[in-house]
Amino acid sequence: MTIGCSRSSAEEIGAVDTVFKLIGPDHKIVVEAYDDPKVQGVTCYVSRAKTGGIKGAFGLAEDKSEASIACRQISAISFTGPLPAQEEVFNERLSIIFKKLRIVRMVDARRNALVYLTYSDRVIEGSPQNAVTAVAVDRPIPLKP
């Protein structure tokens, strides 16, 4: 697994098998936690399909594009500095070369909320499948000009 935009890494919370594979690991759904590197107190939980079998065992499989996200305040929220209005905070390879799962943070200043979007893309063509979640913040969010 490769995390691009953040210094933090995904922490696997758990997984369930969806298809038994005689050779190699089973296909599964994994749930991973990502701590927002610029917003302390917010963690995003992402569930996604992970391909097993021989290709999955060697990291050659291409995982499906579907993912779900839920971000929550887990402690007092603080900011490392002003945030851009929109920023990719995490990305993870889903295939050896072509596909990435991305998480983008957007600031909804009018409603004082952080909105997190997850989707996947490819070099040639991405997927319109996506999921969104929001975290309300109890004070003004510092924005970059």
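Refer to the structure above for everything that follows.
Colleague: I'd like to hear about the overall build of the chain, residue by residue, with values.
Modeller: Counting secondary structure elements, the chain contains one helix and eight strands. Traced from its N-terminal end to its C-terminal end, the chain shows the element sequence β-β-β-α-β-β-β-β-β. A separation threshold of at least 6 residues defines the contact pool for the chain, and within that pool the share at least 24 residues apart is 50%.

Colleague: Got a sec to walk through the packing of aromatic side chains? Specific residues and values, please.
Modeller: Tallied over the full model, the rule gives one aromatic pair. On the basis of an interplanar angle of 45° and a centroid distance of 4.9 Å, the ring pair of Y34 and F90 is categorised as tilted. Remark: F90 occurs in strand β5 (residues 86–93) and Y34 occurs in strand β2 (residues 27–35); sequence separation between them is 56 residues. Since its relative accessible area comes to 1%, Y34 is described here as buried.

Colleague: A description of the pattern of salt bridges should follow, citing residues and the corresponding values.
Modeller: The tally for this structure, following the rule as stated, stands at seven salt bridges. E87 is paired through a salt bridge with R105; the nearest N and O atoms lie 2.9 Å apart. Remark: R105 occurs in strand β6 (residues 99–108) and E87 occurs in strand β5; sequence separation between them is 18 residues. Considered together, E87 and R105 belong to a single accessibility category, that of buried residues.

Colleague: Please provide a residue-by-residue account of the state of the cysteines, values included.
Modeller: Applying the stated rule across the entire model yields one disulfide. Each sulfur in the disulfide pair C44 and C71 lies 2.1 Å from the other. The S-S bond linking C44 to C71 shows a torsion near 105°; that makes this disulfide right-handed. Pair noted here: C44 is in strand β3 (residues 39–50) and C71 is in strand β4 (residues 67–79), with a separation of 27 residues, a long-range link. Neither residue differs from the other here; C44 and C71 are each classed as buried.

Colleague: Requested: an account of the environment of L117, with residues and values cited.
Modeller: Mapped onto the fold, L117 is located in strand β7 (residues 113–122). Taking the C-alpha atoms as reference points, L117 and I103, 14 residues apart in sequence, are found 5.6 Å from one another.

Procedures and definitions
- Residues numbered from 1 in each chain as written.
- Predicted model: local features only at pLDDT ≥ 70, side-chain atom pairs only at ≥ 80, totals over all residues.
- Heavy atoms only, no water.
- Helix = DSSP H or I, 4+ residues; strand = E, 2+ residues; numbered from the N terminus.
- Contact = heavy atoms within 4.5 Å.
- Phe/Tyr/Trp six-rings, centres within 6.5 Å; stacked < 30°, edge-to-face > 60°.
- Buried < 20%, exposed > 50% of the residue type's maximum accessible area, 1.4 Å probe, protein only.
- Salt bridge = Lys/Arg side-chain N within 4 Å of Asp/Glu carboxyl O.
- Disulfide = S-S within 2.5 Å.

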